[in-house]
Amino acid sequence: MQNPRVLTRRRRESLAAAAFLAPDLIGLLIFVLLPIAYAVYVSFFDWNLIADMEFVGLANYERMLTDADWWASMARTLQFAAMYVPLLFVLSLGLAVALTALAGGTAANLRSAYLLPFAVTSVIASTLWMFLYNEKQGYLNAVLNFFGIPDQKFIGSPSQAMISIVVVVIWTNLGYTSMLFFAAIKEIPASLTEAARLDGAGAWQNFLRITLPLIRPTTIFVVVTSTIAAFQILDIILVMTGGGPADATNVGVLYIYQRSFERLEMGYGSALSVVMFAILLVISLVQLRLSRSSNLDG
Amino acid sequence: MKMTLRTAVALLAATTVAGLAGCSAAPAPSTSTATGASSAPAEPVTLEFWSFYTGAEADFVTDWVEQYNESQDAVTVNHTAVSQTEYTTTLIPTALANGSAPDILYVEPATFTKYAESGALADLTPYYTDALKADILPAVLDSATYDGTLLALPMELETLGLFYDEKLFATEGIAVPKTWDELKSAAAKLTTDDRYGLVLPVEDSGYTLFNFYPFMWMAGADVTDGNGTYTVDTPEMAEALDFWGSFTQAGSSPSSLQIGPWDVGNIANGSAAMQESGSYAIKATETDYADASISAAALPAPTGAASITVAGGQKLAVNAASKHVAEAADFIFSAFGSDDITLASKWVTEAKFAYPARQSVIDANKGVFDEGLRANFTAFYGTARPEPSYPAVVTDALRTALQDVMFGGMSGADAAKKAQAAILAG
């Protein structure tokens, strides 16, 4: 027999939960889901934002298929993601392991120090790094010159600009991501590592067999969110290179921005946004599926 | 949990589009009440006016609005200061899209054609008197005209010149370059481990193209025959592109800039010997960089050819969707189209330094244009051509051509050919 008092409490809890969630869900609906739906709607129109919208069916999507500049910009996005995601993963995990091994005040101070760039706005971070990258008066070239290496153009070079941007974005996010790994590693029960050590496992085996599998949820979160962030990269590029030199850093989102607001092709820009969204969704779902099946295997 | 994770990821991914799509749907930060107000003559009219100036220029706008509001009771101008970057990129297009755009708009050549083509600008022809039309320099009046209709009111002209470090030139015994060959040679000689010979804009932007136009014209190239045909694949254009790209390729011009390409602080802080910049840099030269020995001259020309500069600048226009076009027109003409040229003079002589679009304002302020560095610019004022206003597909193609010759290792001829193909492809 059910206890009516328990049911009442459950209902009360449900109501409280709904009350707490409602503002967020309403915000999500108004500021995320509706704009997405509107973008999908606009993608079927020719619209310069000012004159009346003209229905064009799938024409914007057909145009996208043969737009070499769009696919080139998406290739650059992939290039950015291919450098950024693995580098951020390896560096932040390595840093977290190193910070875990350190004890006391030093580790706490180092954690704070690495987290500081995350508190810097992207525009400030970009400006700071532009000082460092300055070809003739920048510190980086001064250091390189000290070792006999000639001046580099960094963001002024089509071949170096993208990796230079990647470095800035990693510098900004390394502290935060390593904190996620640090917290996950700290959650691993000491008894497991102790037992492994007693069984003769070395530090490397301990890392591979104990640490890595047990921080898998954090790993998935970091890989998924950093992949999404890589596809969304815009602000730092806008400040540092504006997509140049010679389009070397003109990534997908910047191309969408240019088409939408410089060319006032909002219908086409919306179609590109929808495709970008679909690509991200597929990547995210594939990553989740892979990690889930790998969890089941494990 | 399974669905929650999947949903969470989907929503995270969705924010990619939301940021972009949201731009088209989000209301602009307007406090507008004007566009929804009644047009009945008895009711007071409120005009929305957004400006993006700072310092003395912002003070001018504030004073102008206050004076206008105090001068009559029928119309109140509600002024809001906004960011220039947002104004020239997303703010106005999105505000026009959702009907919250101000009654009065600033337009420049890059936006004039876009807005005119879209029908966003009201016809101002009825508010132009014959005397005013005769007073405005003909080429400038032409630049405010679209399909035979006057859609804007010019308020200023900003020209480009060659700024240089006078002391450095004297120390090095180098004459101020007058020809392209001399400019190349001087830029190469003045380039050191710590300094560039010549700063040119490097970004893929309208400003870089604005700086290229004089060189394009000096090489004998042009883009349009005036009949809607755009031709850029010419030997003259190739020559201009080769010349423009030669400085970056030779390493005598920077490939990235720490401060803005218009800011002659590049010369003041010793990181450049010469810089192409505009009359808008004169004020900073005389105040912020008064200790530096910066002077200015006409842009060098090909041997045997005459120097040409370009004249850009803002124009005022009225939103075609405004319910108070006549009142908005009265407001802008009260300052820049009136017989009383007090405000028009103050704008170009006190608030900032620029050349006026009207002969009467030039005549009334002759002394100002012959003071200090202004005199250098005034000397070649007569060579100015108004900044052209091409369709976006043409300006994009030219901007890409500039990037190609600066950084893509492309010859001027190949870059011009590629630009022509892009224009034809639309």
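Here the residue numbers are simple positions, counted from 1 along each chain's written sequence. Here the convention is simple: chains get letters from A, ligands get numbers from 1, in the order in which they are written. Note on the predicted model: pLDDT of at least 70 is required for a residue's local features to be given, and 80 or more for side-chain atom pairs to be given and counted; whole-chain, interface and lining totals, by contrast, use all residues.

**Student:** Tell me about the overall build of chain B, and name the residues and values.
**Tutor:** In this description a helix means any DSSP run of H or I spanning at least four residues, a strand means any run of E spanning at least two, and both kinds are numbered starting from the N terminus. Looking only at helices and strands, chain B features 19 helices and 13 strands. Labels follow a simple rule on C-beta atoms placed from the backbone: if 20 or more others lie within 10 Å of a residue's own, it is buried; if 12 or fewer, it is exposed; otherwise it is partly exposed. By residue count, 48% of the 426 residues in chain B fall in the buried class.

**Student:** Tell me about the interface of chain A and chain B, and please be specific about residues and values.
**Tutor:** How big an interface is tends to be reported as the loss of accessible area on association of its parts. With 51 residues of chain A in contact, the opposing surface of chain B contributes 46 residues. A per-element tally of the side of chain A that touches chain B places helix α13 (residues 266-297) of chain A first, with eleven residues. Two residues qualify as a contact pair if the distance between their C-beta atoms, derived from the backbone, is within 7 Å.

**Student:** If you had to explain the confidence of the model for chain A to someone new, which residues and values would you point to?
**Tutor:** Chain-level pLDDT for chain A is 89 on average; 96% of the residues reach the 70-or-more range. Per-element confidence in chain A is highest for helix α2 (residues 59-65) of chain A, whose mean pLDDT is 96, and lowest for helix α4 (residues 104-115) of chain A, whose mean pLDDT is 81. pLDDT gives the predictor's per-residue confidence on a scale running from 0 to 100.

**Student:** Talk me through unusual backbone geometry; I want residue IDs and the actual numbers.
**Tutor:** All names here are of chain A. In the segment running from G244 into P245, the intervening peptide bond is cis, with an omega of -10°. Turning to its location among the elements, P245 is positioned in the loop between α11 (235-240) and α12 (252-262). Positive phi values are uncommon outside glycine, yet F154 reaches one of about 50°. With respect to the helices, strands and loops of the structure, F154 is situated in the loop between α6 (139-146) and α7 (161-186). Although it is not a glycine, L264 sits at a positive phi angle of roughly 55°. Note that L264 resides in the loop between α12 and α13.

**Student:** A description of the environment of L299 of chain B should follow, citing residues and the corresponding values.
**Tutor:** Residues and elements named next belong to chain B. Within the secondary structure, L299 sits in the loop between β10 (294-297) and β11 (309-312). Along the backbone, L299 and A250 are 49 residues apart, and their C-alpha atoms lie at a distance of 20 Å. If sequence neighbours within four positions are ignored, L299 has contacts with L160, G161, L162, P214, E276, S307 and T309.

**Student:** So what's going on with α7 of chain A? Residues and values would help.
**Tutor:** Given the number of residues in a helix, its expected span is that number minus one, multiplied by 1.5 Å. Across its 26 residues, α7 of chain A extends 37 Å between first and last C-alpha, which sits within 8% of the 38 Å expected from 1.5 Å per residue. Fitting axes to the seven residues ending at a residue and to the seven starting there, one defines the bend at that residue as the angle between these axes. At N173 of chain A, α7 of chain A shows its strongest bend, of approximately 45°.

**Student:** Provide a residue-level description of the domain arrangement of chain B, including the pertinent values.
**Tutor:** Residue and element names in this part refer to chain B. Entries for chain B in the domain assignment read domain 1 (39-157 + 313-386) and domain 2 (160-311 + 391-425). The start and end points of each domain follow an automatic or database-based domain assignment. Computed over C-alpha atoms, the centres of domain 1 and domain 2 are 28 Å apart. Across the boundary between the two partners, domain 1 contributes 19 residues, which contact 22 residues of domain 2. Of all the elements, helix α17 (residues 372-379) adds the most residues to the side of domain 1 that touches domain 2, at five residues. Class assignment for the residues of the side of domain 1 that touches domain 2 results in ten nonpolar, five polar and four charged. In this classification, the charged set is Asp, Glu, Lys and Arg, the nonpolar set is Ala, Val, Leu, Ile, Met, Phe, Trp, Tyr, Cys and Pro, and all remaining amino acids, among them Gly, are polar.

**Student:** So what about the environment of K283 of chain B? Which residues, and what values?
**Tutor:** Residue and element names in this part refer to chain B. By secondary structure assignment, the location of K283 is in helix α12 (residues 282-286). Residue classification places K283 among the partly exposed residues on the basis of 18 C-beta atoms within 10 Å. With 66 residues separating them along the chain, K283 and T349 place their C-alpha atoms 10 Å apart. Setting aside its immediate chain neighbours within four residues, K283 contacts K352 and F353.

**Student:** Residues and numbers for the packing of helix α10 (residues 235-250) of chain B against helix α19 (residues 412-425) of chain B, please.
**Tutor:** All names here are of chain B. Every angle, taken between N-to-C directions, lies between 0 and 180 degrees, and every axis is a line fitted to C-alpha atoms, over only the stretch in contact when it is a helix. It is at 7 Å that the axes of α10 and α19 come closest, and there the two elements cross at 120°. By the angle between their directions, the pair α10 and α19 is classed as oblique. The interaxial crossing formed by α10 with α19 has right-handed handedness. For the pair α10 and α19, the contacting residues are M237, A238, E239, L241, D242 and G245 in the first and G412, A413, A415 and A416 in the second. By definition in this entry, angles of less than 35 degrees are roughly parallel, angles greater than 145 are roughly antiparallel, angles of 65 to 115 are roughly perpendicular, and the rest are oblique. By convention, the crossing between two helices is left-handed when the near helix turns anticlockwise from the far helix through less than a right angle, and right-handed when the turn is clockwise.

**Student:** An account of the pairing of β10 of chain B is requested, with residue identities and associated values reported.
**Tutor:** Residue and element names in this part refer to chain B. Side chains of β10 alternate between two faces, with I294 and A296 buried and S295 and A297 left unburied. Relative to β10, strand β7 (residues 158-165) runs antiparallel, the two sharing four bridges. Paired with Y164 across the two strands is S295, which belongs to β10. Strands were regarded as paired on the criterion that DSSP finds at least two bridges between them.

**Student:** Tell me about the pairing of β11 of chain B, and please be specific about residues and values.
**Tutor:** Residue and element names in this part refer to chain B. Because side chains alternate across β11, one face comprises the buried residues T309 and A311, and the other comprises V310 and G312, equally buried. Pairing analysis gives two bridges linking β7 to β11, with the strands arranged antiparallel. From the neighbouring strand, E158 faces β11, where its bridge partner is G312. Judged from the three bridges that link them, β11 and strand β13 (residues 384-386) form a sheet pairing that is parallel. Among the inter-strand pairings, A311 is bridged to a residue of β13, identified as P386.

**Student:** Outline helix α3 (residues 84-98) of chain B, listing residues and values.
**Tutor:** Residues and elements named next belong to chain B. Over its 15 residues, α3 runs 20 Å from end to end, which matches the ideal 21 Å to within 8%, given 1.5 Å per residue. For α3, the principal kink sits at T90 and spans about 50°; a proline, P93, occurs within the next four residues. Buried within α3 are the following residues: L91, I92, P93, T94, A95, L96 and A97. Phi turns positive, to about 75°, at G99, one or two residues after α3.

**Student:** Go over the packing of helix α8 (residues 190-198) of chain A against helix α9 (residues 203-214) of chain A with me, naming the residues and quoting the values.
**Tutor:** Residues and elements named next belong to chain A. Interhelical geometry of α8 versus α9 gives an angle of 140° and a closest axis separation of 10 Å. In the packing of α8 onto α9, the handedness of the crossing is right-handed. Counted together, L192, T193, A196 and R197 of α8 and N206, R209 and I210 of α9 form the full contact between these two elements. In the contact of α8 with α9, the residues fall into three nonpolar, two polar and two charged.

**Student:** Can you tell me about the environment of M155 of chain B, naming the residues and giving the values?
**Tutor:** Residue and element names in this part refer to chain B. You can see M155 is positioned in the loop between β6 (153-154) and β7. Considering only alpha carbons, one finds M155 and F331, 176 residues apart in sequence, at a separation of 13 Å. Setting aside its immediate chain neighbours within four residues, M155 contacts Q314, K315, L316, F336, W347 and A357.

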